[in-house]
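# Structural characterization, general
Residues per chain are reported as follows:
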2 protein chains.
Amino acid sequence: MFQTNEQLLKAEIIAIGNEITTGLIQESNSTYMAKRLNEEGVDVARVVSIGDIESDIENVINEALRKSNIVITTGGLGPTHDDITKKVLTNMFKSEPKQDPKVLQDIENFFRNRGKTIPEYSKPQSIVPHNAEILYNEKGTAPGFLFKRNGNSLYVLPGVPLEMRHLFEKYIAVDVRKTGKNKIGHRILNTTGITESKLWEQIGAIEPLNDNVQIASLPSHLGIRIRLSATGENEAETQEKLDKAERFFQDKIPELIYGKNDESLEEIIGRLLLDKNQKLSVAESCTGGLIGHRLTNISGSSEYFLEGMTTYTNEAKIKRLGVPENIIETYGAVSRETAIAMAEGMRKVSGADFAVSVTGIAGPTGGTKEKPVGLTYIAVSGEWVCECQQFIFPQDRERNKERAAQSALNLLRLELLKID
Amino acid sequence: MFQTNEQLLKAEIIAIGNEITTGLIQESNSTYMAKRLNEEGVDVARVVSIGDIESDIENVINEALRKSNIVITTGGLGPTHDDITKKVLTNMFKSEPKQDPKVLQDIENFFRNRGKTIPEYSKPQSIVPHNAEILYNEKGTAPGFLFKRNGNSLYVLPGVPLEMRHLFEKYIAVDVRKTGKNKIGHRILNTTGITESKLWEQIGAIEPLNDNVQIASLPSHLGIRIRLSATGENEAETQEKLDKAERFFQDKIPELIYGKNDESLEEIIGRLLLDKNQKLSVAESCTGGLIGHRLTNISGSSEYFLEGMTTYTNEAKIKRLGVPENIIETYGAVSRETAIAMAEGMRKVSGADFAVSVTGIAGPTGGTKEKPVGLTYIAVSGEWVCECQQFIFPQDRERNKERAAQSALNLLRLELLKID
């Protein structure tokens, strides 16, 4: 499929659109593809974003095709006048435009399924270059194209993320796998609740792994991800090396790793609650509903998530959750005592097996010398347990909220793990 | 500052890091800078992301400096062994490394303010190239650099977003303004609650504006943004053209435009509630807490946001909000009647002036023929008003939640506008 003498296939991604170079949208197609190509054992040499300018598009594609086995463009295939990618390629590859009956049929079906007839402006999307392979797109109205030059491949995809992903998986991932070159493998272990330096201190010497895997430490404000990469003679050998390395980390830091690869804390918690047949409710304050939002991003969460309350005022904490007035008066709304009373109150009032609560000062205002911005208490209440932790988050309002929600979900996870 | 004969300065952004080309992080520094450069009247010709590879970094920078007045790199200035940007530049510009006492002092202060002493591994960050201007960084430990070649400028910034933004505004934005070339101006009008085709139908002919502004339509699942761009002989003339164009749109679609530029719906609602001295509470179901989360992202929201309840189960809807059991039995939990009862119940129980409610089927499961996935009812209850709207959102779970939250906030905004 791709001609190359080197160990790894090399790719370049080109994102096309004025909305990218003017910062009007956050380009994310290239992140998806870079990650997926990497997983498939393809090395992404670079990612270039350019505007809808004919000469720029042509130059960047020509240069990329000289250097890389796989070049992928996204964007500029829509029906409006500033979508010029197809026109540029038709010139570059001296293509004759022809109508593809299957593409026309696909577009007609696309609109029919939405109870509409094909609009006039969409019909030209069925005109394709005669010397390109067509990448049929069931998710939208713009087909993709595959051009070849000197054994290198140029994939031309639409910019709508849903359609780009569909065509990437349907064509590019399949073609890459056919080469049999994808012997590299990756695995990510997700941790949270510990600083990067303490994490690696606790893990200790990693030399025993050095021959088999490369290890990268990827910090963010929500936790540290450990990325393992291995290369084997075949898929089974690669996976075996990754399994061995994963076991090493699972032995060293069993409780710190909450999930693998794309797994989120809310997904893990959902599984734990289902497995252990436990119901959950949530009492929030400074997080404003973010914990409930994250938990309910999981399809099927209505099986275990009963309800959430965001008791933003003292009155709501007292009335809804039964937090004793004198606790708030004595210790303040942001205190260990209030967090515990919120979690216990929420559990009782909702009839859930577990309740988690958060109260804190998200900032940037509202801090005092005794209770600075970022001070946050998180409690988990169960029938046999009530845990409370104090945090001081050092960032801006939105990230403090995100860290508080992450910490609350993690504390809940650790308590759920203790149930037989 | 920058030597150029053309109307607009031309820039190129280079993001450096293996974590970008392997798709491990979503690169967003370039989006921030592209947007800001565009606002300052600088044309961003392209954005390139490359890994931490010496020859790649050198080639991309050399090429960019041949073509662009302003070249900005981010990333690779940290203290670890894979941060090689400074080393590459030192070679490229034949620099002598020297210690900068002010940088050392800044780093020591940075750690002292956090109650720490400077760690050994951070000390080399005070070694700088002798022939670069130093961009002093109060927000972190890596200083930036400015190199010059043939009148073009190479700004070298750290990759931490907070530090990048600080140095961008402190140095680059200031340098650009000194050139006096920034006569281009932009303004964005944010709309929601209408499809793109209906929006432009309602606006009608825009020819009267054509001589003065360029207009772009930027759709997303949360609304359509209208972007106005104008170029004048000076800043006042540019702004006058934008004002005139804005008035045109405000006349045509006064209620559809909720804010300008970066203004969010939650920000606008916060201002309306403060202005009109109204208190708000929220009853959510399928949105899971997202509306409360968005409202509380605004600093000072405790002035008007009383509380939120996410009544995920029928029982919670009945017990917390007083939704009559027979309403749920007769019409179902996802119905106009339940949405109205939730909003009215929330308003009464919380003592707020206004309450907004959402009930729907976020998907991907849970739909029936009569009540498909995406069916959502949104209600707003006030002392003199109760409005309810039905929607069928066509996307995935997360985007359906986001659209429901956006629609709820917009319905609330429209009701608040009616208060004298």
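Below, the structure is looked at part by part. Residue positions are counted from 1 within each chain, in the order its sequence is given. For this description, chains carry letters from A and ligands carry numbers from 1, given in the order in which they are written. Under the rules for a predicted model, residues below a pLDDT of 70 receive no local features and side-chain atom pairs below 80 are neither given nor counted, while totals for whole chains, interfaces and linings still include all residues. Water and hydrogen atoms were dropped before computing side-chain values, which therefore reflect all heavy atoms in the structure.

By the secondary structure assignment, A236(A) is in helix 8 (residues 235–252). Taking relative accessible area as the criterion, A236(A) reaches 54% and is therefore assigned exposed. Strands are runs of DSSP state E lasting at least 2 residues, helices are runs of H or I lasting at least 4, and numbering of each runs from the N terminus. Relative accessible area decides the class of each residue, using a 1.4 Å probe on protein chains only: under 20% of the type maximum gives buried, over 50% gives exposed, and in between gives partly exposed.

Contacts were defined at the residue level, with two residues in contact if any of their heavy atoms lie within 4.5 Å. If you look at the interface, chain B gives 61 residues, while chain A gives 61 residues. Two parts placed together each lose some accessible area under a 1.4 Å probe, and the buried area is that loss summed for both. Of the roughly 4,600 Å² buried between chain B and chain A, counting both surfaces, carbon and sulfur atoms make up 49%. For salt bridges, the criterion is a side-chain nitrogen of Lys or Arg within 4 Å of an Asp or Glu carboxyl oxygen. Viewed at the interface, chain A and chain B are joined by two salt bridges. R320(B) is paired through a salt bridge with E307(A); the nearest N and O atoms lie 2.7 Å apart. In protein, a polar contact requires one atom able to donate a hydrogen and another able to accept it; more generally it is a pair of N or O atoms within 3.5 Å, and residues adjacent in sequence count only if both atoms are side-chain atoms. Summed over the shared surface of chain B and chain A, the result is 34 residue pairs in polar contact (both at pLDDT 80 or more).

All names here are of chain B. Within helix 11 (residues 314–321), burial applies to A316, K317, R320 and L321. In a view along the axis of helix 11, the buried residues occupy a sector of 105°, so they form one face of it. Phi turns positive one or two residues past the end of helix 11, at G322, with a value near 70°. Taking the helix axis as origin, the arc is that swept by the directions to the C-beta atoms.

All names here are of chain A. For the coordinates displayed, the defined rule picks out 50 salt bridges over all chains. The closest approach of N and O atoms between K67 and E63, which form a salt bridge, is 2.9 Å. With K67 and E63 both in helix 3 (residues 54–67), this residue pair falls four residues apart, about one helical turn. A relative accessible area of 14% places E63 in the buried class. What emerges from the salt-bridge pattern is a single network uniting K35, R36, E39, E40, E169, R177 and D262.

Our next topic: the packing of aromatic side chains. Under the pairing criterion, centres of Phe, Tyr and Trp rings, with the six-membered ring standing for Trp, must be within 6.5 Å; the plane angle then separates stacked pairs below 30 degrees from edge-to-face pairs above 60, leaving the rest tilted. Taken as a whole and assessed by the stated rule, the structure comprises 14 aromatic pairs over all chains. When the ring of F93(A) is compared with that of F147(A), the centres are 4.3 Å apart and the planes differ by 20°; the resulting orientation is stacked. Taken as a pair, F93(A) in the loop between helix 4 (85–92) and strand 4 (97–99) and F147(A) in strand 7 (residues 144–149) lie far apart in primary sequence, 54 residues in all. Seen from their ring centres, Y312(A) and F305(B) are 5.2 Å apart, and the 70° between their planes marks the pair as edge-to-face. With Y312(A) in the loop between strand 14 (305–311) and helix 11 (314–321) and F305(B) in strand 14 (residues 305–311), this pair bridges two chains. Like Y312(A), the residue F305(B) is buried in the burial classification. Each member of the aromatic cluster is reached from another via a ring pair, and the members are W200(A), F248(A) and F249(A). Working rule: Lys NZ or Arg CZ, within 6 Å of ring centre, within 35 degrees of ring normal, means a charge sits over the ring. Seen from the ring of Y32(B), R165(B) lies directly overhead, with NZ or CZ sitting 5.7 Å from the centre.

This brings us to the pairing of strand 13 (residues 280–284) of chain B. Residue and element names in this part refer to chain B. The element strand 13 is extensively covered by neighbouring structure, given that five of its five residues are classed as buried. Neither face of strand 13 is open: one carries L280, V282 and E284, the other S281 and A283, and all of them are buried. DSSP calls a pair of strands paired once it identifies at least 2 bridges connecting them. Of the pairings in the sheet, the one linking strand 13 to strand 14 comprises five bridges and is parallel in character. Directly across from A283, in strand 14, lies its bridge partner M309. Seen with its strands pointing away from the viewer, a crossover is right-handed if its path from the first strand over the helix to the second goes clockwise. A crossover links strand 13 with its parallel partner strand 14, the connecting element being helix 10 (residues 290–295), and its sense is right-handed. One ladder, built from four bridges, connects strand 13 with strand 15 (residues 354–360); its direction is parallel. The residue of strand 15 that forms the bridge with V282 is V356.

All names here are of chain B. Closest axis-to-axis distance for the helix 2 (residues 29–39)/helix 6 (residues 161–178) pair is 11 Å, and the angle between their directions is 20°. The angle between helix 2 and helix 6 places the two elements in the roughly parallel class. Where helix 2 crosses over helix 6, the handedness of that crossing is right-handed. Contacts between helix 2 and helix 6 pair N29, Y32, M33, R36 and L37 from the former with P161, M164, R165, F168, E169, I172, A173 and R177 from the latter. Three classes are used, and their members are as follows: Ala, Val, Leu, Ile, Met, Phe, Trp, Tyr, Cys and Pro are nonpolar, Asp, Glu, Lys and Arg are charged, and the others, Gly among them, are polar. Classifying every residue of the contact of helix 2 with helix 6 gives eight nonpolar, one polar and four charged. Under this scheme, a helix contributes an axis fitted over its contacting stretch, all axes are lines through C-alpha atoms, and angles between N-to-C directions fall in the 0 to 180 degree range. Should an angle fall under 35 degrees it is taken as roughly parallel, and over 145 as roughly antiparallel, whereas 65 to 115 is taken as roughly perpendicular and any remaining angle as oblique. A clockwise turn of the near helix away from the far one marks a right-handed crossing, whereas an anticlockwise turn of less than a right angle marks a left-handed crossing.

This next bit is on empty space enclosed by the protein. Here the term cavity refers to a set of points on a 1 Å grid, laid over the protein atoms alone, in which a 1.4 Å probe fits but cannot get out; the term pocket refers to an open set having protein on both sides within 12 Å along at least five of seven lines, with lining residues being those that place an atom within 4 Å of a point. Grid points are joined across faces, edges and corners, and a volume is the space filled by probe spheres set on the points. Counted by the stated rule, this structure contains six cavities of 30 Å³ or more. For the largest cavity, the calculated volume is near 170 Å³. Around the largest cavity, the lining comprises 17 residues; the ones closest to its centre are E27(A), S30(A), E27(B), S30(B) and S49(B). Residue composition of the lining of the largest cavity, grouped by class: seven nonpolar, eight polar and two charged. When its volume is computed, the second largest cavity comes out at roughly 80 Å³. For the second largest cavity, the lining is made up of 17 residues, of which G289(A), T310(A), G289(B), M309(B) and T310(B) are closest to its centre. Looking at the lining of the second largest cavity, the elements with two or more residues in it are strand 13 (280–284) and strand 14 of chain A together with strand 13 and strand 14 of chain B. By residue number, the principal contributor to the lining of the second largest cavity is strand 14 of chain A, which donates four residues. Taken together, the residues of the lining of the second largest cavity sort by class into five nonpolar, 10 polar and two charged.

There are two copies of the chain, and a rotation about an axis plus a shift along that axis relates them. Here the copies were fitted onto each other by least squares, based on C-alpha atoms from residues at pLDDT of at least 70 in both. Relative to chain A, chain B is turned by 180° and slid 0.1 Å along the rotation axis, the superposed coordinates differing by an RMSD of 0.1 Å. Look at the turn and shift together and you get a two-fold axis relating the two. In this assembly the copies share their binding face: 98% of the residues contributing to the interface of chain B also contribute to that of chain A.

Coordinates in, geometry out; function isn't part of it.
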